[in-house]
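# A closer look at the structure
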Amino acid sequence: MSTSKTKNSTQASAKHNAEDFLRMYRQMVRIRTFEDNANQLYLSAKMPGLTHMYSGEEAVAVGICEALKVTDKITSTHRGHGHCVAKGAEFKEMFCELLGKEEGYCRGKGGSMHIADQSNGNLGANAIVGGSMGIATGAAFTAKLLGRDDVTVCFFGDGATAQGLMYEVMNMAALWNLPIIYACENNGYSEYTKTAEIAAGSITGRAEAFGIEAHTVDGQDVLAVNSLTEQLVERCRKGEGPFFMELMTYRYHGHHVGDINREYYRSKDEEKDWRDNKDPITKFARHLTSEGIATEEELKAMQAEIKADATAAVEYALKAKYPDASEVDMHVYAA
């Protein structure tokens, strides 16, 4: 009886892991596919304004968000599409938002850099570098004050570590043991400048100065990111927060979609090396096939399905309605 129970438990665990892994792969492909389509909308002059591609960093958003509950909160950045998708956002509503249509998550008024999806705990992207740090810390304070076990993850880039707000909120979070994880996506560049040229000392040392436990992890390895996040989230729920994560990753595109000629600040060989040898989706696909979780054909079928979903969502969004002019002052508040 004991042996049978152990065997069944092992089989159930393996099935659970396989389902989790395939969902993580799907989410990473969804992010990459979304970004490919968003880039084409910009290049074809169908999308107003600029946008900032997340391609190459998918394992960070997915690895972290897969460790969270729907009620857990995140705050995002100007490079935020990946966080939105990983936290549960749908293609149709996101493309509508990018195109300024009324069916977008913010009725088309937020655009690429201000998408919020509170139904999935996404408190919003932010065009101001490091601008969401206070919002995230406030959400964590709220959870603690109300006795909830919600955890907040604050996403930001390495360039945001030069913002004074970061040090103010980390000081408060450490004083009050808030359930928050500060997730620094270190993609090697602060806009057009190498991180090493703008950041003195280690990035994790900034958190450690406040007594905050800090970790560095390979941001191209979705399982490594997910494993660490699950541990830190569980500890946050027990009142052991806050924590700090530095995730080493890379953006394939320029700082924004108009940043096409990048050779003056980084080489094509560097970009090719990351794409060819460190791509998070390719690496995870090899793991799934080598472990017998999925075949190459099954993964290609999944990619084709997601591509078709994205194409349909774009076509829908292009034909969708713009908000009525009477809404110009809707959701505008005076203090």
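Model, not experiment: these values are computed from the prediction.

What follows covers the packing of aromatic side chains. Applying the stated criterion to the full structure yields 12 aromatic pairs. Ring plane angle 55° and centroid distance 6.1 Å describe the contact between Phe-91 and Phe-95, whose orientation is recorded as tilted. Of this pair, Phe-91 and Phe-95 are both found in helix H4 (residues 91-98), four residues apart, which corresponds to roughly one turn of the helix. Neither Phe-91 nor Phe-95 differs from the other in exposure class; each is buried. Residues Tyr-192 and Tyr-264 carry aromatic rings whose centres are separated by 6.5 Å and whose planes lie at 35° to one another, so their mutual orientation is tilted. Note that Tyr-192 is positioned in the loop between strand S4 (189-190) and strand S5 (193-194) and Tyr-264 in the loop between strand S7 (243-248) and helix H9 (268-277), a separation of 72 residues in sequence. The exposure class of Tyr-264 is exposed, given its relative accessible area of 57%. For Lys-92, the ring lying beneath its charged end belongs to Tyr-316, and the centroid distance is 4.7 Å. Above the plane of the ring of Tyr-322 lies Lys-101, whose end atom (NZ or CZ) is 4.7 Å from the centre.

Once that is clear, we can look at the packing of helix H2 (residues 58-65) against helix H8 (residues 222-237). Remark: H2 packs on H8, axes separated minimally by 8 Å, with the N-to-C direction vectors making an angle of 35°. Considering only the axes of H2 and H8, their crossing is right-handed. Facing H2, whose interface residues are Ala-59, Val-60, Val-62, Gly-63 and Ile-64, H8 presents Val-222, Val-225, Asn-226 and Thr-229. Grouping the amino acids of the contact of H2 with H8 by side-chain chemistry returns six nonpolar, three polar and no charged.

For the rest of this paragraph, the subject is the layout of surface pockets. In this structure, the largest pocket occupies an estimated 300 Å³ of space. What lines the largest pocket is a set of 24 residues, among which His-78, Val-129, Gly-157, Asp-158 and Gly-159 lie closest to the centre. In terms of residues, the lining of the largest pocket owes the most to one element, strand S2 (residues 152-157), which gives three residues. Looking at the lining of the largest pocket residue by residue, the class counts come to six nonpolar, 12 polar and six charged. Counted as a void, the second largest pocket has a volume near 170 Å³. Lining the second largest pocket are Arg-23, Gln-27, Cys-65, Glu-66, Leu-68, Lys-69, Val-70, Ala-86, Lys-87, Gly-88 and Asn-120. Of the residues that constitute the lining of the second largest pocket, the class distribution is four nonpolar, three polar and four charged.

Turning our attention to the sheet that holds S2. The strand order across the open sheet formed by five strands is S1-S2-S3-S7-S6, and the pairing between neighbours is parallel. The strands lining the two open edges of the sheet, one partner per strand, are strand S1 (73-75) and strand S6 (213-218). Averaged over all neighbouring strand pairs, the angle between strand axes comes to 20°, with direction disregarded. Looking at chain direction, S2 and strand S3 (residues 180-186) are connected through six bridges and run parallel.

The subject of this paragraph is the confidence of the model for the protein. This prediction gives the protein a mean pLDDT of 93; 95% of its residues lie at or above 70. Counted against residues more than four places away or in other chains, residues 1-7, with its pLDDT under 50, gives zero contacts.

Let's shift gears to helix H11 (residues 296-319). Helix length check: H11 (24 residues) gives 35 Å between terminal C-alpha atoms against 34 Å at 1.5 Å per residue, within 8%. Those residues of H11 lying buried are Leu-299, Met-302, Ile-306, Ala-310, Ala-313, Val-314 and Ala-317.

Before going further, it helps to examine the environment of Pro-242. Secondary-structure assignment places Pro-242 in the loop between H8 and S7. Once the C-alpha coordinates of Pro-242 and Leu-232 are considered, the two residues, 10 residues apart in sequence, prove to be 8.8 Å apart. Ignoring sequence-local partners within four residues, the contact set of Pro-242 consists of Ala-173, Ala-174, Asn-177, Leu-178, Ile-180, Tyr-182, Ile-212 and Glu-213.

Let us now look at the pattern of salt bridges. A side chain of one charge can pair with a side chain of the opposite charge if their charged atoms are brought near each other. Throughout the structure, instances matching the rule amount to 20 salt bridges. One salt bridge connects Glu-102 with Arg-107, and the closest N-O pair in it is separated by 3.6 Å. Here Asp-276 ties to Lys-272 by a salt bridge, and the two come within 2.5 Å at their closest N and O atoms. Here Asp-276 pairs with Lys-272, and both are found in helix H9, just four residues apart, close to one helical turn. Via salt bridges that share partners, Glu-102, Arg-107, Lys-109 and Glu-327 belong to a single interconnected network.

Viewed as axis vectors pointing N to C, helix H5 (residues 133-146) and helix H6 (residues 164-176) meet at an angle of 15°, and their least axial separation amounts to 9 Å. By the angle class used here, H5 and H6 are roughly parallel. Handedness of the crossing formed by H5 with H6: left-handed. Residue-level contacts link Met-133, Gly-134, Thr-137, Phe-141 and Lys-144 of H5 to Leu-165, Met-166, Val-169, Ala-173 and Trp-176 of H6. Taken together, the residues of the contact of H5 with H6 sort by class into seven nonpolar, two polar and one charged.

Cut-offs used in this document
- Residues numbered from 1 in each chain as written.
- Predicted model: local features only at pLDDT ≥ 70, side-chain atom pairs only at ≥ 80, totals over all residues.
- Heavy atoms only, no water.
- Phe/Tyr/Trp six-rings, centres within 6.5 Å; stacked < 30°, edge-to-face > 60°.
- Helix = DSSP H or I, 4+ residues; strand = E, 2+ residues; numbered from the N terminus.
- Buried < 20%, exposed > 50% of the residue type's maximum accessible area, 1.4 Å probe, protein only.
- Lys NZ or Arg CZ within 6 Å of the ring centre and 35° of its normal.
- Axes fitted to C-alpha atoms, helices over the stretch in contact; angles between N-to-C directions.
- Left-handed = near helix turned anticlockwise from the far one by under 90°.
- Contact = heavy atoms within 4.5 Å.
- Nonpolar A, V, L, I, M, F, W, Y, C, P; charged D, E, K, R; others polar.
- 1 Å grid on protein atoms, 1.4 Å probe; cavity = no way out; pocket = protein on both sides within 12 Å on 5 of 7 lines; lining within 4 Å.
- Points joined across faces, edges and corners; volume = space filled by probe spheres on them.
- Pairing = 2+ DSSP bridges.
- pLDDT = per-residue confidence, 0-100.
- Expected span 1.5 Å × (residues − 1).
- Salt bridge = Lys/Arg side-chain N within 4 Å of Asp/Glu carboxyl O.
- Parallel < 35°, antiparallel > 145°, perpendicular 65-115°, else oblique.

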